[in-house]
Amino acid sequence: RSVGLTSDGREFYESCASILSQARGALDTLSRRREHPSGQVRVCVPQELYFLVLRRTISEFARKYTDVEMHVLLSTGRPDPRVDPVDVAMWAGDLPDSELRARKVAGGTPKLYASPVLLEKSPPMRELEDLRHLPLLDVNLPGPERQELIRGNERRRLALRPKHVVNSMGPALELVVAGLGFAPLLQNMVRPFLDEGLIAPLFPEWECTSLNLYLIMADGILPHRVRLFVDHLVARFAQLDEDSVPD
């Protein structure tokens, strides 16, 4: 006695076999794309961070994933991937919206720095009150007032009128190196300038309120290539944090 498929059963079997074949093909394609990602990654980063940190990092990613097309936009603003044509944006300072899809990549407590040339022309810096003899470069970023200094449980506010105001630490660093004032800056940004003697710390036992750096992403499922890029940036900043720890 033999058993065979009816015409309806054979049609059903062939349909299922076709669906399974397409599914296997889709999985094979997905696997190849994961191994060899392709397509665009549109990223917007602060200009000073690009030249100080991210230029090398983005180049490393592009060399590793040669089929990925990097579209890099330098900005001093805060583009929002939910409404702007970017996949990832980098923001410094506090987040105004708790519903933002954000990933913290770095954080630190800025400290005060000035140029040795400026300090040579100024009265000795013995007490915090002596800072009134130096021009203040105010870094106007979203977040708490950064003229407040902290040492353990002690807090002091400078209450100084700034000579210059900038909206990011890159221009502030350039002005400090030029001897035009002192400013709060992150250590992992200024390490090369410290090593070369272009800037010097002021009252290093005091630090400003913390400053964080975030990656902002669009809602929904991120393409694999974008997730790879985000992970690459996070790993790079983790390495920078390790390198900034004094020996």
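Draft legend 1. Region of the structure containing the overall build of the chain. A count of helical and extended segments in the chain gives six helices and 13 strands. For the chain, buried positions account for 38% of its 247 residues. Pairs at least 24 apart in sequence give 78% of the contacts found in the chain among residues at least 6 apart. A total of about 14500 Å² of accessible surface is found on the chain, and carbon and sulfur atoms cover 49% of it.

Draft legend 2. Broad picture of the pairing of strand 1 (residues 39–46). The pairing of strand 1 with strand 2 (residues 68–75) spans eight bridges and is parallel. Along strand 2, the bridge assignment pairs Cys 44 with Leu 73.

Draft legend 3. Focus on the pattern of salt bridges. Going through the model one piece at a time under the given rule, you end up with eight salt bridges. Across the salt bridge formed by Glu 148 and Arg 155, the nearest N and O atoms sit 2.9 Å from each other. Linking Glu 154 and Arg 156 is a salt bridge whose minimum nitrogen-to-oxygen distance equals 3.9 Å. You can call Glu 154 partly exposed: its relative accessible area is 30%. Shared partners join several salt bridges into a network, and the residues in it are Glu 129, Arg 151, Glu 154 and Arg 156.

Draft legend 4. Structural context of the sheet that holds strand 1. Judged by pairing direction, the sheet is mixed, and its five strands sit side by side in the order 2-1-3-13-4 without closing on themselves. Either end of the sheet is taken by a strand with one partner, and the two such strands are strand 2 and strand 4 (101–108). With direction set aside, neighbouring strand axes in the sheet form an average angle of 20°. Sitting on the sheet, helix 2 (residues 47–64) touches strand 1, strand 2, strand 3 (88–92) and strand 13 (211–217), and the angle it makes with strand 2 is about 180°.

Draft legend 5. Structural context of helix 4 (residues 169–177). When we look at burial in helix 4, the residues that qualify are Met 169, Gly 170, Ala 172, Leu 173 and Val 176. The buried residues of helix 4 all sit within an arc of 160° when viewed along its axis, so they share a single face. Residue Gly 179 follows helix 4 closely and has a positive phi angle near 80°.

Draft legend 6. Here's a closer look at the sheet that holds strand 8 (residues 154–157). Reading across from one edge, 8-7-12 is the order of the three strands in this open sheet, with antiparallel pairing throughout. In this open sheet, the two strands that pair with only one neighbour each are strand 8 and strand 12 (207–208). Pairing of strand 7 (residues 148–151) with strand 12 involves two bridges; the strand directions are antiparallel. Bridged to Leu 149 within strand 12 is Cys 208.

Draft legend 7. Here's a closer look at helix 2. The largest bend in helix 2 is about 70°, located at Leu 54. Among all positions of helix 2, only Glu 48, Leu 49, Tyr 50, Val 53, Leu 54, Thr 57, Ile 58 and Phe 61 are buried.

Draft legend 8. Spatial organisation of the environment of Asp 130. Here Asp 130 shows up in the loop between helix 3 (116–120) and strand 6 (137–139). The exposure class assigned to Asp 130 is buried, which follows from its relative accessible area of 16%. A distance of 2.8 Å separates the side chain of Asp 130 from the backbone nitrogen of Glu 127, its partner in a polar contact.

What counts, and at which threshold
- Residues numbered from 1 in each chain as written.
- Predicted model: local features only at pLDDT ≥ 70, side-chain atom pairs only at ≥ 80, totals over all residues.
- Heavy atoms only, no water.
- Helix = DSSP H or I, 4+ residues; strand = E, 2+ residues; numbered from the N terminus.
- Buried < 20%, exposed > 50% of the residue type's maximum accessible area, 1.4 Å probe, protein only.
- Contact = heavy atoms within 4.5 Å.
- Areas by Shrake-Rupley, 256 points an atom, 1.4 Å probe, with all protein chains shown as cover.
- Pairing = 2+ DSSP bridges.
- Salt bridge = Lys/Arg side-chain N within 4 Å of Asp/Glu carboxyl O.
- Axes fitted to C-alpha atoms, helices over the stretch in contact; angles between N-to-C directions.
- Arc of directions from axis to C-beta.
- Bend = angle between axes of the 7 residues up to and from the residue.
- Polar contact = N/O pair within 3.5 Å; in protein donor to acceptor, adjacent residues only side chain to side chain.

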